Amino acid sequence: MGGRSLVNRCAALIASALLFALPGAVRAEDGYALWLRYAPLEGEALERLRAFDPAITAAGEGATLALASQELARGLTSLTGGMPQGGGGEIALNCRGEGGDGSFTIETRGRSIRISGPGELSCLYGAYALLRELSLGVDPAAINLSEAPGMPLRLLNHWDNPDGHVERGYAGRSIFDWWRLPEHLDQRMIDYARANASIGINGSVVNNVNASPLFLTPRYLPKLKRLADAWRPYGIRLYISARFSAPRDVGGLETADPLDPRVQAWWKAKADEIYAEIPDFGGFLVKANSEGQPGPQDYGRTHADGANMLGRAIGERGVVIWRAFVYSELDATDRAKQAYAEFVPLDGQFDDNVIVQVKNGPIDFQPREPFHPLFGAMPNTKLMLEAQITKEYLGFSTHLSFLAPMWEEVLRADTGRGGTVAEIIAPAGMAGVANTGSDRNWSGSHFDQANWYAFGRLAWNPGLPSEQIAREWGAQTFSRDERFLAAVVPMMLGSRQATVDYMNPLGLAHLFDTGHHYGPAPWVCDLARPEWNPCYYHKADAEGIGFDRTRSGSNALEQYALSIAAQWSDPRMIDPDYLLWFHHVPWDFPMPSGRPLWDELVARYDRGVAAVDEMARTWAAQERFVDAERFRDVSEYLRIHRQEAQWWRDASIAYWRSLNGLDMPAGAAEPEHTLEHYRSLTFPEAPGNG
Ligand code: BDP
């Protein structure tokens with residue numbers, strides 16, 4: 001079968017895409033289409049693409065290649081308002097074979113564009129890249145790209161439970177319909193795969209790290225298989241979170257000891273059973289001996305014993321991803337130091353197909369943390385970076401906070417030990433805790449789609465500047481009008497710092513309310529485990545504030561390379577963004593701005609709130625560039641955002657003043673309510689609870 005017939009096979013799909021592009025047809029603008037809207041081009045860009053009018057030809061007939069053709073036909077139809085007729089231009093897909101890493105080349109000569117690469121996935125990725133460029137209005141005659149992935153594993157981690165609840169999910173219920181699977185495959189599962197493939201995401205861990213053993217039972221295998229089959233043509237491999245005690249929970253054994261031969265045999269048989277149905281199964285993600293989850297230490301074994309046992313069951317077919325997010329209430333050591341202390345001694349003991357997955361910072365996805373000291377400290381272990389796309393600690397889905405600058409900060413951080421974080425993780429990959437849910441717009445808010453997008457783009461190319469990502473996303477998702485982008489891109493770029501400022505400025509961390517983590521509660525000091533209390537993190541009293549992690553305190557600084565620790569060891573020299581993370585200082589500590597610490601702190605809170613005001617003003621001026629429904633959604637969310645930013649500022653300041661007894665700095669407004677008021681607020685229905 002030649003390339004032409006492949007195009008013919010796409011006819012039905014093209015026709016349906018055309019329907020969307022007809023003038024006057026109602027275009028769904030509820031956000032469901034994500035960044036794949038392919039809104040019709042206008043003016044010169046439209047004329048150019050119409051004149052180009054390519055025939056799409058493909059050498060080969062694999063499922064992935066067919067998708068690449070379909071996506072091109074669909075995208076071009078939507079961009080130009082008409083099906084390409086093959087009026088002289090050509091897009092030739094030249095990729096053969098399965099596998100390959102998806103690297104692609106797009107070469108343009110005259111009216112001919114050639115997409116090539118080592119396997120069919122290259123043509124699919126190339127097709128999406130080409131469509132992205134065309135969507136941005138780039139001249140087809142000027143598109144020449146050559147790209148390769150920056151790391152092999154680019155995964156989403158879903159913290160979704162079998163009953164549909166999403167831990168730390170702020171976009172509704174789970175997108176995975178385990179109840180109706182395997183018989184029914186929801187269209188969302190295909191649209192999900194498309195969205196991921198379009199940004200280079202190549203794997204999905206479909207269940208919560210606080211894992212139900214159900215996923216390892218025979219009943220779930222056909223469900224998992226149906227998903228894996230649907231995603232395969234998009235280059236997406238399915239993984240599951242494995243509960244370490246499964247041999248006991250669902251396997252009929254009385255132990256899960258990794259050194260017990262019966263346990264080893266159980267996992268091997270389980271892996272074989274999975275691979276018989278899902279030959280490209282990605283592997284297991286494991287949260288062990290962390291926050292009450294079972295693990296090898298329950299039997300006096302190490303993380304390496306546990307991980308390697310699972311790794312041997314999987315063999316060369318996949319990987320075991322073992323999380324380094326561990327801390328213990330029985331250990332009085334600074335929580336920020338515990339993962340390093342547990343894992344560094346195991347360096348070199350993990351098998352080749354085991355990867356250790358490390359959160360970006362040493363505590364837990366806070367608005368700002370220094371990079372995790374494990375990066376660079378385990379040269380003989382594959383390390384993967386775990387980022388959180390869902391905004392557990394950055395305002396759920398109602399705060400507009402674009403996270404690319406945060407991830408850029410960690411990826412570019414020099415570990416002082418053999419490279420930047422991006423370089424350290426390059427042999428392994430990056431995982432993002434997903435923000436998808438059943439909400440029509442997938443992510444709970446339109447702007448949170450940008451964080452899913454940014455995660456994928458950065459995992460593909462960790463060198464991409466946040467600005468470029470914001471521009472690409474904004475142009476594809478909302479409007480390619482320069483006036484819109486000139487306003488909205490800077491707004492996005494400043495939004496994460498704004499969140500830091502009104503929530504946890506100057507290196508403060510973990511001041512969130514208990515359990516659901518919604519809103520401020522720096523006063524909480526009575527929870528069972530010490531490190532669950534905000535007061536553990538801020539250590540504020542009448543004299544000062546901050547966690548001393550220098551030699552006079554926990555000395556967490558010693559876990560960093562000397563060259564890095566040197567930048568952070570002196571409170572007068574440290575970047576103020578990290579000051580209270582590493583230092584306990586008096587309230588009148590002189591800041592580089594010339595202000596005493598207290599005044600600086602209040603100024604930062606005010607700066608954060610003012611930034612949200614500014615964001616609302618910026619957005620209000622965009623009405624003419626955005627459809628009514630999404631314009632209103634964002635406007636209303638910004639009102640919630642503004643109220644909550646004020647709440648964070650006022651509640652925090654009221655509490656600090658109850659300790660330090662200081663007046664408000666000159667010109668700063670009093671908190672709106674009393675401390676008692678803020679302390680009395682409760683939110684039993686807050687979403688996403690653990
Ligand atoms: C914390 C979340 C909790 C997760 C945990 C983890 O609050 O729900 O289970 O991280 O990463 O941020 O395992």
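Computed from a prediction, not measured in an experiment: that's the story for all the values here.

Caption draft 1: Representation of the environment of A195 within the structure. Among the secondary structure elements, A195 is positioned in helix 6 (residues 187–198). In this structure, the C-alpha to C-alpha distance between A195 and Y128, residues 67 residues apart in sequence, is 9.9 Å. Setting aside residues no more than four positions away along its own chain, A195 makes contact with L34, W35, L36 and W452.

Caption draft 2: Region of the structure containing the environment of Y678. Positionally, Y678 belongs in helix 22 (residues 675–680). Using a relative accessible area of 4% as the deciding quantity, one classes Y678 as buried. Those residues in contact with Y678 that sit more than four places away from it in its chain are W523, W647, D650, A651, A654, P671, E672 and H673. Within the structure, Y678 has its side chain in polar contact with the backbone nitrogen of H673 (distance 3.1 Å).

Caption draft 3: Focus on the site of the ligand. Taken together, 14 residues are adjacent to the ligand, and E167, K287, R323, D364 and E392 come closest. At 3.0 Å, a side-chain N or O of N210 approaches an oxygen atom of the ligand. K359 places a polar side-chain atom, nitrogen or oxygen, 2.7 Å from an oxygen atom of the ligand. Here the ligand has 320 Å² of accessible area as a free molecule, and 97% of this is covered by the chains. When grouped by side-chain class, the residues that make up the shell around the ligand number four nonpolar, two polar and eight charged.

Caption draft 4: Highlighting the domain arrangement of the chain. As assigned here, the chain comprises domain 1 (2–147), domain 2 (153–343 + 387–464) and domain 3 (502–547 + 584–680). Between domain 2 and domain 3, the buried area comes to about 1,900 Å², and carbon and sulfur atoms account for 59% of it. Taken together, the connections running from domain 2 to domain 3 amount to one salt bridge. A salt bridge links E329 to R529, with the shortest nitrogen-to-oxygen separation between them at 3.5 Å.

Caption draft 5: Quick peek at unusual backbone geometry. Following L181, the chain continues to P182 via a peptide bond in cis, the omega torsion being 5°. In this structure, P182 sits in the loop between strand 6 (153–157) and helix 6. A positive phi angle is found at D53, which is not glycine, with a value near 35°. By secondary structure assignment, the location of D53 is in the loop between helix 3 (43–52) and strand 1 (54–58). On the basis of relative accessibility, which here comes to 15%, the residue D53 falls in the buried class. The phi dihedral of W442 is positive, around 75°, even though this residue is not glycine. With respect to the helices and strands, W442 occurs in the loop between strand 13 (429–433) and helix 14 (449–460).

Caption draft 6: Here's a closer look at the sheet that holds strand 1. The mixed open sheet is built from five strands, whose spatial order is 1-2-4-3-5. Either end of the sheet is taken by a strand with one partner, and the two such strands are strand 1 and strand 5 (145–147). In this sheet, neighbouring strand axes are inclined to one another by 15° on average, regardless of whether the strands run parallel or antiparallel. As defined by bridge partners, strand 3 (residues 104–109) adjoins strand 4 (residues 112–117) across five bridges and the pair is classed as antiparallel. When the bridges of strand 4 are listed, I106 appears paired with I115. Relative to the sheet, helix 5 (residues 120–135) contacts strand 2 (89–95), strand 3, strand 4 and strand 5, its axis offset from that of strand 4 by approximately 140°.

Caption draft 7: Just the state of the cysteines, in detail. Evaluation of the coordinates by the stated rule reveals two disulfides. Across the disulfide from C95 sits C123; the S-S distance is 2.0 Å. Between C95 and C123 the disulfide shows an S-S torsion of about 85°. By sign, it is right-handed. Of this pair, C95 sits in strand 2 while C123 sits in helix 5, and the two are 28 residues apart along the sequence. The same class applies to C95 and to C123, which are both buried. Across a sulfur-sulfur distance of 2.0 Å, C525 and C535 are joined as a disulfide pair. Residues C525 and C535 are joined through a disulfide that is right-handed, its torsion about the S-S bond being 80°. Taken as a pair, C525 in the loop between helix 16 (482–503) and helix 17 (534–538) and C535 in helix 17 lie far apart in primary sequence, ten residues in all.

Cut-offs and rules
Residues numbered from 1 in each chain as written. Predicted model: local features only at pLDDT ≥ 70, side-chain atom pairs only at ≥ 80, totals over all residues. Heavy atoms only, no water. Helix = DSSP H or I, 4+ residues; strand = E, 2+ residues; numbered from the N terminus. Contact = heavy atoms within 4.5 Å. Buried < 20%, exposed > 50% of the residue type's maximum accessible area, 1.4 Å probe, protein only. Polar contact = N/O pair within 3.5 Å; in protein donor to acceptor, adjacent residues only side chain to side chain. Near = heavy atom within 4 Å. Areas by Shrake-Rupley, 256 points an atom, 1.4 Å probe, with all protein chains shown as cover. Nonpolar A, V, L, I, M, F, W, Y, C, P; charged D, E, K, R; others polar. Domains from an automatic or database assignment. Buried area = accessible area lost by both parts, 1.4 Å probe. Salt bridge = Lys/Arg side-chain N within 4 Å of Asp/Glu carboxyl O. Pairing = 2+ DSSP bridges. Axes fitted to C-alpha atoms, helices over the stretch in contact; angles between N-to-C directions. Disulfide = S-S within 2.5 Å.

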